[in-house]
Amino acid sequence: MKATGISTCYRNVLPFTNSSLSFKFRSDSAFSLIHHSNFVNKRNFSKFSRSIVSATMEASFKAEEARVPAALPLPTPPVTKFKIALCQLSVTTDKERNIAHAKQAIEDAAGKGAQLILLPEIWNSPYSNDSFPVYAEDIDAGGDASPSTRMLSEVSRSLKITIIGGSIPERTGDKLYNTCCVFGTDGKLMAKHRKIHLFDIDIPGKMTFKESKTLTAGVRPTIVDTEVGRIGIGICYDIRFQELAAIYAARGAHLLCYPGAFNTTTGPLHWELLQRARAADCQLYVATCSPARDSGSSYVAWGHSTLVGPFGEVLVTTEHEETTLIAEIDYSVIEQRRTYLPFQKQRRGDLYQLVDVDRLNSTGAN
C-alpha cells in the first residue's frame, strides 16, 4: 500500500520593471535595500522587499524538516468529485437486526449515488463494556465468525462501492479491540484500524467510562488507498489527537474518516470543534459518523454526523435522529485552500518536528 504528503519551500518574488536596486550588507548578515531615484513605484518596492525577506525566512525555517520522514506530495486521486454517505444508524440489542438495518441503509445510499459509505462506531452492538465481549467477532476468521464484516464485504462487492465500516468489537485470541474495516469495490478487506486511543474518562457527576476495562488499544495508524482517494482512519477518541491527523496529512491523505460515538456530555462542547480543528489543521476533508441517539440506553450518543471541508467549514451535518446524509466531496478544493493559506510550507522545522515512528521504522515507508 502506497502512501504519501506535502512539499518544500519556494520563493515567491514579485517582478517589477523600470527600477534599479542595490544591496548593502551589514556585518550581521542582514541587509538594507536602497532604491534609486528612478524607482518610482514604492508599492511595488515594498512588495518586492517583503517577498525577499519572506523567502529568506522560509529558507531558514526548514519547513521540509518539520515532518520526519519528510511529508509526501498529495497524490492525484482516482476521482476528483464523488458522493459520500454518512449513515447515522439506530442501534439495538438485536445483532441480526443491526446488520440487516445497516445493509439496507448502505443499499439506499448507494442507490442515491454514494460511492463511499461511512458507518458509525460500534453499530452492531450496544456501546458498553458488558456488550463488547458478547457481540465481538473474529474478523480474520470471517464467514460465520464475523457476520457483520461478511455483510459489508458482500454489499461492497455487489454495489461496487467503498465502505468505511464504522467499527465493531473484534475478538482475536484473548484480546478485544474496537475495529474499523475498510472494504473496496471488489469486496476485499483493504485495511483494518484498531482504535489507538481508548476512551477512558471520568467527569464526576456526568460521565465515567473506561474502554480499557475490556478493550486493547491498537498500535498503528491506518491509511489506505481506495477508489475514492487516500483515506486516514481514526475511531472516535482518536480525533482528539492532532498528531495522528498530522501523520495522515504528511502521508498524503485526502480525507480523514472518524466513526465516533461522542456522548451528550462532551458532544455539545467538542464534537464539531474537533472535526473542524482537524480539517483546518491538515487542510483536508473530515467525515464523521455517529450512531443515532437512544435516550434509553446506558450510553447516550450525541449524534450530529458531519462532513467538514478543508477550510474547517461545515458542509453538511444533522441532528441526533437516525438519518443518512449524502454530500459531494471535491478534492480540487484541497489544493485551492492550500494555495490561499500556505502554512504547510511555513512550519518551523528548525524548532519542532512531527516524527511518524511507524513510517520511519518501515522499510516500505508508506
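Please refer to the structure higher up on the page.
Below, the structure is looked at part by part. (Residues numbered from 1 in each chain as written. Predicted model: local features only at pLDDT ≥ 70, side-chain atom pairs only at ≥ 80, totals over all residues. Heavy atoms only, no water.)

## A few points about the sheet that holds strand β17 (residues 314-317)
Sheet strands line up and pair through hydrogen bonds in the backbone, either parallel or antiparallel. Taken in spatial order, the six strands line up as β12-β13-β14-β15-β16-β17 in an open sheet, and their pairing is mixed. Two strands lie at the open edges of the sheet, namely β12 (222-226) and β17, each paired on one side alone. This sheet shows a mean twist of 20 degrees between the axes of neighbouring strands, independent of strand direction. Where strand β14 (residues 255-259) meets strand β15 (residues 285-289), five bridges bridge the pair, whose relative direction is parallel. The residue of β15 that forms the bridge with L256 is V286. Here helix α6 (residues 267-282) sits on the sheet and contacts β14, β15, β16 (306-308) and β17; the angle it forms with β15, its principal contact strand, is near 155 degrees. (Pairing = 2+ DSSP bridges. Helix = DSSP H or I, 4+ residues; strand = E, 2+ residues; numbered from the N terminus. Axes fitted to C-alpha atoms, helices over the stretch in contact; angles between N-to-C directions. Contact = heavy atoms within 4.5 Å.)

## A few points about the side chain of S148
Here S148 lies in helix α4 (residues 147-159). With residues near it in sequence (within four places) discarded, S148 still touches K95, I99, W123, N124, E137 and I168.

## Examining the pairing of strand β4 (residues 81-88)
Most of β4 is tucked away, with six of its eight residues classed as buried. The pairing of β4 with strand β5 (residues 116-118) spans three bridges and is parallel. The partner of L86 across the bridge, within β5, is L118. Tracing the backbone out of β4, into helix α2 (residues 95-111) and back to the parallel element β5 gives a crossover that is right-handed. (Buried < 20%, exposed > 50% of the residue type's maximum accessible area, 1.4 Å probe, protein only. Right-handed = clockwise from strand over helix to strand, strands pointing away.)

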